[in-house]
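Listed below, chain by chain, are the residues.
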Amino acid sequence: YSPAYFNFYNVTQGYTSNSTFYIWNSGGNVLNYTIFENSSWIDVFPNSGTSTGEHDAINLMIFISEDMSGYYEANIHISSNGGNGNIFCQIYVIPPVTPVLSYSPDFIDFYNVSEGWNGSSTFEIWNGGEGVLNYTLSLNSTSSWWLSVFPACGTSMGEHDVIHVSAFVCDGMSGDYYGSVIINSNGGFGVVSVHVFV
């Protein structure tokens, strides 16, 4: 039989593959063989046969589930009336790349200001995980008339992006006002609270 070894390195979750190995009779008469394996990520077809010298192709199918991660190995066992053998298989499944939303601070306070005032402050967004963090920013409906945020979207592979939050105090405003910058991303959800006392 050949080959006696399969190496599937650095595959991703959900990976599938088809390979082939061959079994044949290199002696006389008829070789009868049976193939079996007990691994959840390998399947072979057909799992039995005969050979009088011809090379029989055996399909080796790989199925990597969405919850597999790390190193796996398995043996495909061949038993026959002409001897026994093993085909060694190994695979390394790359862990999923997961972005993580990170931001700071989560509260901006403009303290005591007077009517007609406008000012700005900043916070930072970055990817605390792996891969690419994609994010969009919006304001809650009660604060969109006196707050603005720029930029309204971005990406991070770990670098810190500076986000500008500007407040505008109109005539007639007095007292406490609270607003929120809402962060939606593929690495999580976040809120930066904003307060101004006029």
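Located above this text is the structure these notes cover.
Residues numbered from 1 in each chain as written. Predicted model: local features only at pLDDT ≥ 70, side-chain atom pairs only at ≥ 80, totals over all residues. Heavy atoms only, no water.

(A) The arrangement of the nonpolar core in detail. In this structure, F123 and I125 are the most contacted members of the largest nonpolar core, which totals 24 residues. Among the secondary structure elements, those contributing two or more residues to this core are β10 (107–112), β11 (118–127), β12 (133–139), β13 (147–150), β15 (161–168), β16 (176–185) and β17 (188–197). Discounting residues that sit within four places of it in the chain, I125 has contacts with L101, S102, Y103, L133, Y135, L137, E159, H160, D161, I163 and I183. The next biggest cluster of nonpolar side chains, apart from the first, holds 23 residues, and it includes F8, V11, F21 and I87. (Core = buried A, V, L, I, M, F, W, Y, C linked by side-chain atoms within 4.5 Å. Buried < 20%, exposed > 50% of the residue type's maximum accessible area, 1.4 Å probe, protein only. Helix = DSSP H or I, 4+ residues; strand = E, 2+ residues; numbered from the N terminus. Contact = heavy atoms within 4.5 Å.)

(B) Molecular detail of the sheet that holds strand β8 (residues 85–93). Across the sheet, which stays open at both edges, the five strands sit in the order β1-β8-β7-β3-β5 with mixed pairing between neighbours. Looking at strand neighbours, the two that pair on one side only are β1 (5–11) and β5 (48–51), the edges of this open sheet. Across the sheet, the mean angle separating the axes of adjacent strands is 20° when strand polarity is ignored. (Pairing = 2+ DSSP bridges. Axes fitted to C-alpha atoms, helices over the stretch in contact; angles between N-to-C directions.)

(C) Looking closely at the pairing of strand β7 (residues 70–80). With four bridges connecting them, strand β3 (residues 31–36) and β7 associate as antiparallel partners. Residue pairing across strands places I35 opposite I78, the latter belonging to β7. With antiparallel pairing between neighbouring strands as the criterion, β7 and β8 make up a hairpin whose turn holds four residues, including G83 at a positive phi of roughly 125°.

(D) Up close: unusual backbone geometry. With an omega dihedral of -5°, the bond running from F45 to P46 counts as a cis peptide bond. The omega angle of the peptide bond from S104 to P105 is -5°, so this bond is cis rather than trans. Examined against the element boundaries, P105 turns out to sit in the loop between β9 (101–104) and β10. With a phi angle near 60°, N29 is a residue other than glycine that sits in the positive phi range. With respect to the element layout, N29 can be found in the loop between β2 (16–23) and β3. For N29, a relative accessible area of 70% translates into the label exposed. Backbone geometry at Y111 places phi at a positive 55°, although glycine is not the residue there. Residue position: Y111 is located in strand β10.

(E) Highlighting the side chain of S143. Mapped onto the fold, S143 is located in the loop between β12 and β13. Relative accessible area serves as the criterion here: at 0%, S143 is assigned to the buried category. A distance of 3.4 Å separates a polar side-chain atom of S143 from the backbone nitrogen of S180. Those residues in contact with S143, other than ones at most four positions away along the chain, are Y178, G179 and S180. (Polar contact = N/O pair within 3.5 Å; in protein donor to acceptor, adjacent residues only side chain to side chain.)

(F) View of the packing of aromatic side chains. Applying the stated criterion to the full structure yields five aromatic pairs. Here the aromatic rings of Y5 and F88 are separated by 6.1 Å at their centres, their planes lie at 20°, and the arrangement is stacked. Linking Y5 in strand β1 with F88 in strand β8, this pair joins segments that are 83 residues apart in sequence. Classification of Y5 as partly exposed rests on a relative accessible area of 41%. (Phe/Tyr/Trp six-rings, centres within 6.5 Å; stacked < 30°, edge-to-face > 60°.)

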